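What follows is each chain in one-letter form.
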Amino acid sequence: MRLMRVGALGAERPVVLDDEDRAFGLAGLTADVDGAFLAGGGLARVRAALAAGELPAEDIAGERVGAPIARPPAVVCVGMNYAAHAAETGAQPPAQPVVFFKHPNTVVGPFDDVLVPRGAVKVDWEVELGVVIGRRARYLDSVGDALSHVAGYVLSNDVSERDFQLDPSVSGGQWSKGKCCETFNPLGPWLVPAEEVADPQALGLRSFVNDEARQDSTTADMVFGVAELIHHLSQFMVLEPGDLLNTGTPQGVALSGRFPYLSVDDVMEIEIDGLGRQRQVLAKA
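A brief report on the enclosed structure follows. Nothing here was measured: the structure is a model prediction, and the numbers come from that model.

Pairing is possible between side chains that carry opposite charge, provided their charged atoms lie close to one another. Enumeration according to the criterion identifies 24 salt bridges in this entry. The residue E88 makes a salt bridge to R258 at a minimum N-O spacing of 3.6 Å. Of the two residues, E88 is situated in helix α3 (residues 83-88) and R258 in the loop between β17 (244-246) and β18 (267-272); the sequence distance between them amounts to 170 residues. Taking the relative accessible area as the measure of exposure, E88 reaches 18% and is therefore buried. For the salt bridge of E269 with R277, the shortest nitrogen-to-oxygen distance reads 3.4 Å. The exposure class of R277 is partly exposed, given its relative accessible area of 33%. Because the salt bridges share partners, they merge into one network encompassing K102, D124, E126, D158, R162 and K179.

Written out as structure tokens, the structure is:
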């Protein structure tokens, strides 16, 4: 099963898709897909109700697709987490995860426009595996326990403005300035429960700009895997249900110098095996 949120911005409602792509409403089970729902066994209740035929069928054709989770309490991000991506930027793989944050209001739907910020000249794409936390993770004892705190996985585009992020005269050394612009985290189209992703370190991920291939890699190239990241982060912060963890991007971004940066009217598309595909048009802020 796959969970989605559909409807106008700010008025999305939750639905679930079955294996035949039929949609069923979740209004009788929850008002939204949020931390309380995930922490309270919501996914198990949806699975049981779907199997029992207790959910009303819905026609969602033509409706806007929102982010599959409600506004997350936190968006925690990891940089330089693919070996080949570090190499293309001239850096060595980090000895510890490079951590930064995005404002939760950057999260938008997978087909919403992405706005080019005022003064931006280096807007970049980043296909990433997104991890949605389902159980509170605090001072975890072992890496082996980490994945039990994952509710599910999502497709995430960690859009960046590289001058805002990396030019000292603009960023002041603060990556988040280039990460927190409005619309800079398209998410979805759906949330896939963790038990339906056999191995988060064996997923192919790809990106395209104006129908031309850019990134083509697998999550096996991560420097720090999902379990390692959750365990590590739990030693420094408390990860709460509903939080989003962006796990880094592979090689093939504009920062490498191999491709031009994005401009208004360009089209980004990204995909991850089993997690769907997104498409965004760049528009003026």
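A few words now on unusual backbone geometry. Even without glycine at this site, D211 takes up a positive phi of about 70°. Of the residues examined, D211 reaches a relative accessible area of 69% and is grouped as exposed. Positioned with a positive phi, D265 is a non-glycine residue whose angle comes to about 85°. Tracing the backbone through its elements, the reader meets D265 in the loop between β17 and β18. Classification of D265 by relative accessible area gives exposed; the value is 61%.

This part covers the packing of aromatic side chains. Overall, the coordinates contain 2 aromatic pairs when judged by the stated rule. On the numbers, 6.3 Å between centres and 55° between planes, the contact of W125 with F259 is tilted. Of the two residues, W125 sits in the loop between β9 (123-124) and β10 (127-133) while F259 sits in the loop between β17 and β18, which places them 134 residues apart along the sequence. Residue classification places W125 among the buried residues on the basis of a relative accessible area of 1%. A cation sits over an aromatic face here: R2 above W190, 4.7 Å from the ring centre.

Roughly 310 Å³ of internal volume is contained in the largest pocket. Along its surface, the largest pocket is lined by 18 residues, and L9, E12, N105, V107 and V108 are the ones closest to its centre. For the lining of the largest pocket, the residue count by class is 7 nonpolar, 5 polar and 6 charged.

One finds M4, L129, Y153, I230, L245 and I272 to be the most contacted residues of the largest nonpolar core, which totals 38 residues. Non-local contacts of L245, meaning those with residues more than four positions away in its chain, are made with V76, V78, L129, G130, V131, L229, I230 and L233. Membership of the second largest hydrophobic core comes to 24 residues, among which are L26, V46, V75 and V154.

Turning our eyes to something else, we now look at the pairing of strand β5 (residues 75-79). Remark: a regular strand shows side chains that alternate across the two faces of the sheet. With 5 of 5 residues buried, β5 is to be regarded as a mostly interior element. Here β5 shows two buried faces, one formed by V75, C77 and G79 and the other by V76 and V78. As defined by bridge partners, β5 adjoins strand β6 (residues 98-102) across 5 bridges and the pair is classed as antiparallel. Along β6, the bridge assignment pairs V75 with K102. As paired elements, β5 and β17 share 3 bridges and run parallel to each other. Looking at the pairing, C77 lines up with N246 of β17.

Moving on, we get to the pairing of strand β15 (residues 204-209). Across the 6 residues that make up β15, a large majority, 6, are buried. Of the two faces of β15, the one holding G204, R206 and F208 and the one holding L205, S207 and V209 are both buried throughout. Relative to strand β16 (residues 212-218), β15 runs antiparallel, the two being bridged by 6 bridges. Considered in β16, the bridge of F208 is made with A213. Linking β15 back to β16 in an antiparallel pair, the connection comprises 2 residues, with N210 at a positive phi of about 50°. Where β15 meets β18, 5 bridges bridge the pair, whose relative direction is antiparallel. Paired with R206 across the bridge in β18 is E271.

The rules we used
Residues numbered from 1 in each chain as written. Predicted model: local features only at pLDDT ≥ 70, side-chain atom pairs only at ≥ 80, totals over all residues. Heavy atoms only, no water. Salt bridge = Lys/Arg side-chain N within 4 Å of Asp/Glu carboxyl O. Helix = DSSP H or I, 4+ residues; strand = E, 2+ residues; numbered from the N terminus. Buried < 20%, exposed > 50% of the residue type's maximum accessible area, 1.4 Å probe, protein only. Phe/Tyr/Trp six-rings, centres within 6.5 Å; stacked < 30°, edge-to-face > 60°. Lys NZ or Arg CZ within 6 Å of the ring centre and 35° of its normal. 1 Å grid on protein atoms, 1.4 Å probe; cavity = no way out; pocket = protein on both sides within 12 Å on 5 of 7 lines; lining within 4 Å. Points joined across faces, edges and corners; volume = space filled by probe spheres on them. Nonpolar A, V, L, I, M, F, W, Y, C, P; charged D, E, K, R; others polar. Core = buried A, V, L, I, M, F, W, Y, C linked by side-chain atoms within 4.5 Å. Contact = heavy atoms within 4.5 Å. Pairing = 2+ DSSP bridges.

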